[in-house]
Amino acid sequence: MLYGRQAECRVVERLLRGARESKSGALVVRGEPGVGKTALVSYAAARARDMRVLRCVGTEAESELAFSALHQLLRPVVNLLDRVPEPQATALAGALGLTPGSREDRFLIAVGALSLLAEAAEEQPLLCLVDDAQWLDHSSADALAFVSRRIEAEGIVLLFAARDGEARRFEAAGIAELELRGLDETAAAALLADCVEAEIAPHVNARLLGATAGNPLALIELAALLSEQQLAGREPIADPLPQGAGIESAFLQQARRLPADAQSIVLLAAAEGTGRVSTTMRAAALLDLGADSLDAAEASGLVVVKGSTLEFRHPLVRSAVYQGATFAQRQAIHRALADVLDRDCDADRRAWHRAAATLDVDDSVADELERAAARARARSGFAAAARALERAADLASADAARASHLTSAAGDAWLAGRPDWALALADRADAVCPDARRGAELAHLRGTIELRCGVPAEALRILARGADDIAPVDPATAIEMLIEAAQAASYTGDAAQIVEMGNRASALIVDDQPGTKFTIDVIVGIGKLFTGDPAGGLPMIAEAVRLAQRFDDPRRLVHAGACAHYMGDDESELRLYTRAVERTREIGAVGTLPYVLEYLARAEAIAGRYARATAHASEGLRLATETGQLNSVCTLKAVLALIAATQGHEDDCRDCAARALEASMSRGLGFQSALARWALARLELSYGRSGQALEHLETIAAAVPGAGHPFIRLMATADLVEAAVRCRQSATAQHALADFERFAIATGLSWALARVARCRALLASGAVAERHYVDALRRHDPSTHPFDKARTELLFGEHLRRAGRRKEARGQLRSALESFESLGASSWAGRARLELRASGEASRKRRPGTADQLTPQELQIVQLVAEGATNKEVASRLFLSPRTVDYHLRKVFVKLGISSRGQLIRLAVDERHVSEQRLEPAMSR
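Residues numbered from 1 in each chain as written. Predicted model: local features only at pLDDT ≥ 70, side-chain atom pairs only at ≥ 80, totals over all residues. Heavy atoms only, no water.

Caption draft 1: Focus on the overall build of the protein. A count of helices and strands for the protein gives 49 helices and 7 strands. Computed over C-alpha atoms, the radius of gyration of the protein comes to 33 Å, within 12% of the 29 Å expected from 2.2 N^0.38 for 925 residues, which places it in the range of a compact globule. When its C-alpha atoms are laid out on the principal axes, the protein stretches across 110 × 65 × 50 Å. Contacts in the protein between residues at least 24 apart in sequence constitute 69% of all its contacts with a sequence separation of at least 6. As displayed, the protein has an accessible area near 36300 Å², and 50% of this comes from carbon and sulfur atoms. Averaging the coordinates of the 111 positive side-chain charges in the protein and doing the same for the 121 negative ones gives two points 7 Å apart. (Helix = DSSP H or I, 4+ residues; strand = E, 2+ residues; numbered from the N terminus. Rg over C-alpha atoms; globule rule 2.2 N^0.38 Å. Contact = heavy atoms within 4.5 Å. Areas by Shrake-Rupley, 256 points an atom, 1.4 Å probe, with all protein chains shown as cover. Lys, Arg positive; Asp, Glu negative; His and termini not counted. Charge placed at Lys NZ, Arg CZ, Asp CG, Glu CD.)

This is the structure in structure tokens:
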């Protein structure tokens, strides 16, 4: 029976009830030791008799063994692995040690765990109980947290119990939490009365309650330490009574009442950690401890033997006994355990027991830990690999070996998603043994971390210096570092440094491999374009797009797509980005997907595919947040701000732009900063607030590297000219147009020349302005830049109406209105509708289409279903479960008033034909 936990029990009941109705949920129960977390977990298990229950318990002894807790949890359902999509099944099987590992994306393993649990839940609702979550190995903790954030309609409950106040903490961002506090006076008194047979005097009862702050375990254990006379108030009680950590002290007192051999057996079991009686007793034999010692320990109630497993009465017993032992006692125990463990089957545990038994340097133990790290790394257990190598460095005798272990550990820590730890390990490696090649490796790591999570300008400095240091002995590594340095320069918006990094890389080329040539063409070509040398840059980026046909690597496809964008080849750009996303999904590179989706979403937004762009940007944002890619989070927020601005969603635009600006300004992300400001400028312009728009646009135009980006400045020039003309600042408009016109003429890009013509029209009057508007409309490509064309039609219609040519104006305004409405650009449609009404023609609002009614995730699902994908295929591509896909499809059917997949496919095709037919050629390829 649980005392005083009615509210908490109701929370658990709601979760279980939801699972029975195919609704999933996750909850982390937190609290101090002994407050009742395990009791609440047990309550959940007792109330889930009609559900399948999976369990795992985190233990300190296994907290460095990669995926040990995940294996414990999933072991009863691994027979369902053949139902899990590839490559998820392969990645998960490798992580669990069922097949040879292959260094998969660590998030793909988490997706595999989600799919496996979803398959198990197909048979009956599923309850997953995770106790002592603070001691989960990092790989398992990351995977289970990822699963918890993505379950939705599978009928799964994940319930975690995590102890507060430990050195390790179970990180649960995005998961609901419930904090358990001490019992109130009434509940605590009832618990004592039920657990203690002796009479308790009122003042003793009050004393115990005050000393324990209502902690249930503390109440029970402290009462057990008192005699009947003390409980009755006839004998004095020691002052003060132990509090907080005193619970462990109470357990330790009970253990120390045991005979010496029984105490040693309990200590052995505490250090062994897995609960295997056979291992504990073999080690006991080495220490001349007889089986009767275990009997005495069991008789005390501190431990209990169930078949082949030894369990502690409470997890705090284990920690109390272990922490209460002397170092010499623990050393002897770990040595005995290492000696009895199988060198093959239990190699990792043996290595850690040997390490715990070793005080001085010992290269043989360091070598064992290094091998353990290699095994963990092969299963994508990068955190465990880093821990093993960090300990190996402590035990290695030579400085070079220590530095090597720490360098490898730093790389593994980064792959585990722990950049701060990686940087600390890198600093230790540098301090131990300076070496040119190792220094370059560490510089590469530091620069990469800064590029993904920190300040790109600092990344540029670190990578460029590191490349200089390593170039004489390893030019290939230097080129790789310069490539990343150029990317950092692009993030900051420093075009001169992009060119500089490209030139340095070109000077180091030692082969004519297509991959090397492709990379140099991308860096140098884009850099030349940005710094006013289109004639030199365009041929290089065109060659890069041609070479991209040979590659299937997502990042190279992205780089080629960017080149196609700068060439004005919008069809190739969308095709390359779409292929990059498809390839990323195929190989299960979950951690790479946010980066790739940045580019596809931005291209779709520019092409007017706002629903698709929102869906892709939303997915990328969710994954970037989950995988800790802070700079991608910033980029995707800026993209969403630009989409919201164009569609007239003012609150969403301002919120996303503010978040993007806050992050970008603090890190010197010039591209993201400029993109967010452009979004705000477009928002203001769409509502006719030209003065506010001009402020943002002039900030973009004047921004230095770290606060702006040269290409965004060029892209936003047409908006600046329009805002300046409306504010009667023609000189500002003329100056901005001059730079943009030089770029447009030099590159010959149709979108740029069309905008130049529109800007000239705004700065002219009468027949001259009309001639420029007609020229602009001739140059616009409505298949890839429909928003641009509609903007020109709106301005041309306004010009004609003001000239008294209302009938001619209506044709332009009607076309603009139809385009804006089909794009979902509501604020721009509002402007066109007002102008059309002023011209003497009324208009009706467009009926919302399919895309307007669906959430971004629902839209993604509809698009994939329309392409013929099954629910299981959709689930695999979107890293969801089939049940969640089915759940969203049912919601789509209700929203759209349909009842079959066939109707959905026809509706999706019709919708695309009406509002996105311009994109069919790109998508069909």
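Caption draft 2: Spotlight on the state of the cysteines. By the definition in use, this model includes 0 disulfides. No disulfide involves cysteine 128; its sulfur sits 8.5 Å from the nearest other cysteine sulfur, which is in cysteine 56. Cysteine 634 forms no disulfide, and the closest cysteine sulfur to it belongs to cysteine 656, at a distance of 11 Å. (Disulfide = S-S within 2.5 Å.)

Caption draft 3: Representation of empty space enclosed by the protein in the model. Taken as a whole and judged by the stated rule, the model has 10 cavities of 30 Å³ or more. There is about 110 Å³ of room inside the largest cavity. Taken together, the elements giving at least two residues each to the lining of the largest cavity come down to helix H30 (593–606), helix H32 (630–647), helix H34 (670–686) and helix H41 (786–802). Lining the second largest cavity we find 13 residues, and of these Arg106, His138, Ser139, Asp142 and Ser380 sit closest to its centre. Secondary structure elements with two or more residues in the lining of the second largest cavity: helix H5 (106–123), helix H6 (138–150) and helix H19 (382–395). Top element by residues in the lining of the second largest cavity is H6. It accounts for 4 residues. Considered class by class, the residues forming the lining of the second largest cavity number 7 nonpolar, 3 polar and 3 charged. (1 Å grid on protein atoms, 1.4 Å probe; cavity = no way out; pocket = protein on both sides within 12 Å on 5 of 7 lines; lining within 4 Å. Points joined across faces, edges and corners; volume = space filled by probe spheres on them. Nonpolar A, V, L, I, M, F, W, Y, C, P; charged D, E, K, R; others polar.)

Caption draft 4: Region of the structure containing the nonpolar core. Ranked by size, the top nonpolar core spans 229 residues in total, and within it Leu70, Leu74 and Phe820 carry the most contacts. Not counting residues within four places of it along the chain, the set of residues in contact with leucine 74 comprises Leu92, Leu96, Ala113, Leu116 and Leu117. One finds Ile247, Leu302, Ala325 and Ile333 within the second-largest nonpolar core, a separate group that totals 35 residues. (Core = buried A, V, L, I, M, F, W, Y, C linked by side-chain atoms within 4.5 Å. Buried < 20%, exposed > 50% of the residue type's maximum accessible area, 1.4 Å probe, protein only.)

Caption draft 5: Examining the pairing of strand S1 (residues 25–31) more closely. In terms of burial, S1 is largely enclosed, as 7 of its 7 residues are buried. Taking every second residue as pointing to the same face, both faces of S1 are buried, with Gly25, Leu27, Val29 and Gly31 on one and Ala26, Val28 and Arg30 on the other. Across 7 bridges, S1 lies against strand S4 (residues 156–163) in parallel orientation. Residue leucine 27 lies in a different strand from S4, and its bridge partner there is leucine 159. Pairing of S1 with strand S5 (residues 176–179) involves 4 bridges; the strand directions are parallel. Counted as the bridge partner of arginine 30 is glutamate 179 from S5. (Pairing = 2+ DSSP bridges.)

Caption draft 6: Highlighting unusual backbone geometry. In this model, glutamate 86 is joined to proline 87 through a cis peptide bond whose omega is 0°. Of note, proline 87 is situated in the loop between helix H3 (68–74) and helix H4 (88–95). One non-glycine residue with positive phi stands out, namely arginine 728, at about 60°. Tracing the sequence through the fold places arginine 728 in the loop between helix H37 (717–726) and helix H38 (730–747). A residue is classified by how much of its surface remains accessible, and arginine 728, at 80% relative accessible area, is exposed. Its identity as a non-glycine residue notwithstanding, phenylalanine 879 has a phi of 60°, on the positive side.

Caption draft 7: Seen up close, the packing of aromatic side chains. Using the criterion set out here, one finds 17 aromatic pairs in the structure. Judged by centre distance (5.9 Å) and plane angle (45°), the rings of phenylalanine 107 and phenylalanine 146 are tilted. Here the residue phenylalanine 107 occupies a position in helix H5, and phenylalanine 146 occupies one in helix H6, the gap between them amounting to 39 residues. Given a relative accessible area of 9%, phenylalanine 107 falls into the buried group. When the centroid spacing of 4.6 Å and the interplanar angle of 80° are considered together, the rings of tyrosine 566 and phenylalanine 711 count as edge-to-face. On the criterion of sequence distance, the pair formed by tyrosine 566 in helix H28 (residues 554–567) and phenylalanine 711 in helix H36 (residues 710–715) is long-range, its members being 145 residues apart. (Phe/Tyr/Trp six-rings, centres within 6.5 Å; stacked < 30°, edge-to-face > 60°.)

Caption draft 8: Spatial organisation of helix H22 (residues 436–453). An ideal rise of 1.5 Å per residue puts 26 Å on 18 residues; H22 measures up with 25 Å between its terminal C-alpha atoms. Counting buried positions along H22 gives 14 out of 18 residues, so the element sits mostly inside the fold. For H22, the side-chain oxygen to backbone nitrogen distance between the N-cap and arginine 437 is 3.2 Å, and the N-cap itself is aspartate 435. (Expected span 1.5 Å × (residues − 1). Polar contact = N/O pair within 3.5 Å; in protein donor to acceptor, adjacent residues only side chain to side chain.)

Caption draft 9: Representation of the packing of helix H39 (residues 750–763) against helix H40 (residues 766–779) in the model. The N-to-C vectors of H39 and H40 enclose an angle of 165°; their axes lie 8 Å apart at closest approach. Classified by the interaxial angle, the pair formed by H39 and H40 is roughly antiparallel. Taken as a pair, H39 and H40 cross one another with a handedness that is left-handed. Between H39, through Ser750, Leu753, Ala754, Ala757, Arg758, Arg760, Ala761 and Leu762, and H40, the contact on the second element is made entirely by Ala769, His772, Tyr773, Asp775, Ala776 and Arg779. (Axes fitted to C-alpha atoms, helices over the stretch in contact; angles between N-to-C directions. Parallel < 35°, antiparallel > 145°, perpendicular 65-115°, else oblique. Left-handed = near helix turned anticlockwise from the far one by under 90°.)

Caption draft 10: View of the pattern of salt bridges. As enumerated under the stated definition, the model contains 77 salt bridges in all. When the shortest N-O distance is used, the salt bridge between aspartate 142 and arginine 418 registers 3.2 Å. Here arginine 418 lies in the loop between helix H20 (399–415) and helix H21 (419–432) and aspartate 142 lies in helix H6, a separation of 276 residues in the sequence. The residue arginine 461 makes a salt bridge to glutamate 458 at a minimum N-O spacing of 2.4 Å. (Salt bridge = Lys/Arg side-chain N within 4 Å of Asp/Glu carboxyl O.)

Caption draft 11: The arrangement of the sheet that holds S4 in detail. Spatial strand order, S2-S3-S4-S1-S5: 5 strands in an open sheet with parallel pairing. Edge strands, defined here as strands with exactly one partner in the open sheet, are strand S2 (52–57) and S5. Each adjacent strand pair in this sheet contributes to an overall mean axis angle of 20°, direction not counted. Both strand S3 (residues 126–131) and S4 contribute to a ladder of 5 bridges, which runs parallel. In the sheet register, leucine 126 faces S4, and the bridge partner there is isoleucine 156. Running over the sheet, H5 touches S2, S3 and S4 and is turned about 130° from S3. Contacts between H6 and the sheet are confined to S1, S3 and S4, with S4 contributing the most and set at about 135° to the helix.

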